[in-house]
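So the chains spell out like this:
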Amino acid sequence: MRIVFLGPPGVGKGTQCRRLVADLRIPHVSTGDMLRRAIRDRTPVGRLAAERMDAGQLVSDDIVQQLVERRLDSPDCAEGWLFDGFPRTIAQAEFLDRMLASRTTPLDLVLELFGDESILVQRMLRRARVEGRTDDTPETVRARMRVYHSQTEPLVEYYARKNLLARIDAIGTRNEVFERIQESVRRARPNPD
Ligand code: AMP
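None of these values were measured; they are calculated from a predicted model.

Cut-off values and rules
- Residues numbered from 1 in each chain as written.
- Predicted model: local features only at pLDDT ≥ 70, side-chain atom pairs only at ≥ 80, totals over all residues.
- Heavy atoms only, no water.
- Helix = DSSP H or I, 4+ residues; strand = E, 2+ residues; numbered from the N terminus.
- Buried < 20%, exposed > 50% of the residue type's maximum accessible area, 1.4 Å probe, protein only.
- Areas by Shrake-Rupley, 256 points an atom, 1.4 Å probe, with all protein chains shown as cover.
- Lys, Arg positive; Asp, Glu negative; His and termini not counted.
- Charge placed at Lys NZ, Arg CZ, Asp CG, Glu CD.
- Near = heavy atom within 4 Å.
- Polar contact = N/O pair within 3.5 Å; in protein donor to acceptor, adjacent residues only side chain to side chain.
- Contact = heavy atoms within 4.5 Å.
- Axes fitted to C-alpha atoms, helices over the stretch in contact; angles between N-to-C directions.
- Parallel < 35°, antiparallel > 145°, perpendicular 65-115°, else oblique.
- Nonpolar A, V, L, I, M, F, W, Y, C, P; charged D, E, K, R; others polar.
- Pairing = 2+ DSSP bridges.
- Salt bridge = Lys/Arg side-chain N within 4 Å of Asp/Glu carboxyl O.
- Core = buried A, V, L, I, M, F, W, Y, C linked by side-chain atoms within 4.5 Å.

Side note on the overall build of the protein chain
Phase 1: What the protein chain contains, in helices and strands, is nine helices and five strands.
Phase 2: In sequence order, the secondary structure elements of the protein chain are arranged as β-α-β-α-α-α-β-α-β-α-α-α-β-α.
Phase 3: Along the first, second and third principal axes, the C-alpha atoms of the protein chain reach 50 × 40 × 30 Å.
Phase 4: Within the protein chain, the fraction of its 193 residues that count as buried is 47%.
Phase 5: Carbon together with sulfur atoms contributes 48% to the accessible area of the protein chain, which is approximately 10500 Å² in total.
Phase 6: If the 32 positive side-chain charges of the protein chain are averaged to one point and the 29 negative ones to another, these points end up 3 Å apart.

In C-alpha cells:
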C-alpha cells in the first residue's frame, strides 16, 4: 500500500507509523529522520537543513523533494511505502502527485491524526526533556505548530477533495489509536483483483 501520514507535531505520528509499517511490511519513509541523518553525517544537505530545523521552520521543498525522489526509486519501495512528514506543503503534494503519476503508482490512503493542541504541546515539551531533541524547545514547538497550521494543514482539504483522507482521533491509548488506524487501512485496501 502507498500511504501518506499527516498530523501536527506531538500527535504521536512517529509511534503509530512505526507500528503500521511493521504490520503492513512496507518501508517507513520519514523525511525528518532522513534530514536528521544528513545533519549527523555532515552532508551538504545536512548543512542546509540544520538551521531551518532548529528554528522549527520547514526545509526548502527542493531539498526534501530530492531526498524523497531518490528514496522512492530504491527497490524496497516498489511494493509500497508509508510517508511520514512528507508532503508538508501543497507544492510538495503536487510534486508527489506528478511523481506517482509518472510511475503509475497511485496513492491509496492519507491518514490524518488529529488531537487537542494544548495536549500536543505538553506532549512535545515532555518528549524534548526525555529525548533531548534540539528542535523541541518551547519557542520551536510553537513555531512548528504555526508552520503546521499555515503550510501543512491545507493538505487535509487537498486530500479530502481527492477522496483519499481518513481522519483519526489521536486521543486515547496507543492501542486504541492504532486500532482506529487499522480499521481505516482495511477499508482503503486496494482490491486484490
Ligand atoms: P519531523 O521529524 O517530521 O517532525 O521533522 C522535523 C523537521 O524536519 C521539521 O520541523 C522540518 O524542519 C524538517 N522537515 C521534515 N520533513 C519536511 C518536509 N517534508 N518539508 C520540509 N521540512 C521538513
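Anyway, onward from the coordinates.
Remarks on the site of the ligand
Phase 1: Surrounding the ligand, one finds 16 residues, the nearest of these being Thr31, Arg36, Gln57, Gly85 and Arg88.
Phase 2: Take Gln57: an N or O atom from its main chain is 2.6 Å from an oxygen atom of the ligand.
Phase 3: Interatomic distance of 2.9 Å between a backbone N/O atom of Gly85 and a nitrogen atom of the ligand.
Phase 4: Against a free-state accessible area of 480 Å², the protein chains account for coverage of 94% of the ligand.

Remarks on the side chain of Thr89
Phase 1: Secondary-structure assignment places Thr89 in the loop between strand 3 (81-84) and helix 5 (90-102).
Phase 2: Leaving out residues up to four positions away in the same chain, Thr89 has contacts with Leu58, Asp61, Gln151 and Leu155.

A look at the packing of helix 2 (residues 31-40) against helix 4 (residues 61-72)
Phase 1: Helix 4 packs onto helix 2 with a crossing angle of 105° between their chain directions and a minimal axis gap of 11 Å. Between helix 2 and helix 4, the crossing angle belongs to the class labelled roughly perpendicular. Contacts between helix 2 and helix 4 involve Thr31, Met34 and Leu35 from the first element and Ile63, Val64, Leu67, Val68 and Arg71 from the second.
Phase 2: Here the contact of helix 2 with helix 4 is composed, by residue class, of six nonpolar, one polar and one charged.

A look at the pairing of strand 4 (residues 109-114)
Phase 1: Counted residue by residue, strand 4 has five buried out of six residues, so it is predominantly covered.
Phase 2: Of the strand pairs in this sheet, strand 4 and strand 5 (residues 165-169) are connected by five bridges, and their pairing is parallel. Bridging from a neighbouring strand, Phe114 pairs with Asp169 of strand 5.

Digging into the pattern of salt bridges
Phase 1: This structure, assessed with the given rule, holds ten salt bridges.
Phase 2: Among the ionic pairs, Glu69 bridges to Arg103, the shortest N-O distance being 3.8 Å. Of this pair, Glu69 sits in helix 4 while Arg103 sits in the loop between helix 5 and strand 4, placing them 34 residues apart in sequence.
Phase 3: Judged by relative accessible area, Glu69 falls into the partly exposed class, the value being 32%.
Phase 4: Ionic pairing is found between Asp76 and Arg71, a salt bridge with its closest N-O pair at 2.9 Å.
Phase 5: Under the relative-accessibility criterion, Arg71 is labelled partly exposed at 22%.
Phase 6: Overlapping salt bridges, with partners in common, bring together Glu69, Asp73 and Arg103 in one network.

Thoughts on the nonpolar core
Phase 1: Membership of the largest hydrophobic core comes to 30 residues, with the highest contact counts inside it found for Leu6, Leu35, Trp81, Phe83, Leu96, Leu107 and Tyr159.
Phase 2: Broken down by secondary-structure element, the contributors of at least two residues to this core are strand 1 (2-6), helix 2, helix 3 (44-54), helix 4, strand 3, helix 5 and helix 8 (154-161).
Phase 3: For Leu6, the residues in contact, after removing those within four places along its chain, are Lys13, Pro87, Val110, Leu111, Glu112, Leu113, Tyr148, Thr152, Leu155, Val156 and Tyr159.

Thoughts on the sheet that holds strand 4
Phase 1: Here five strands make up an open sheet; going across it, the order is 2-3-1-4-5 and the pairing parallel. Only two strands of the sheet have a single neighbouring strand rather than two, namely strand 2 (28-30) and strand 5. Taking the axes of each pair of neighbouring strands and ignoring which way they run, one obtains an average angle of 20° across the sheet.
Phase 2: Of the strands in this sheet, strand 2 and strand 3 are in contact with helix 2, which crosses strand 2 at around 65°.

Keep in mind that these numbers describe shape and distance, not what the molecule does.
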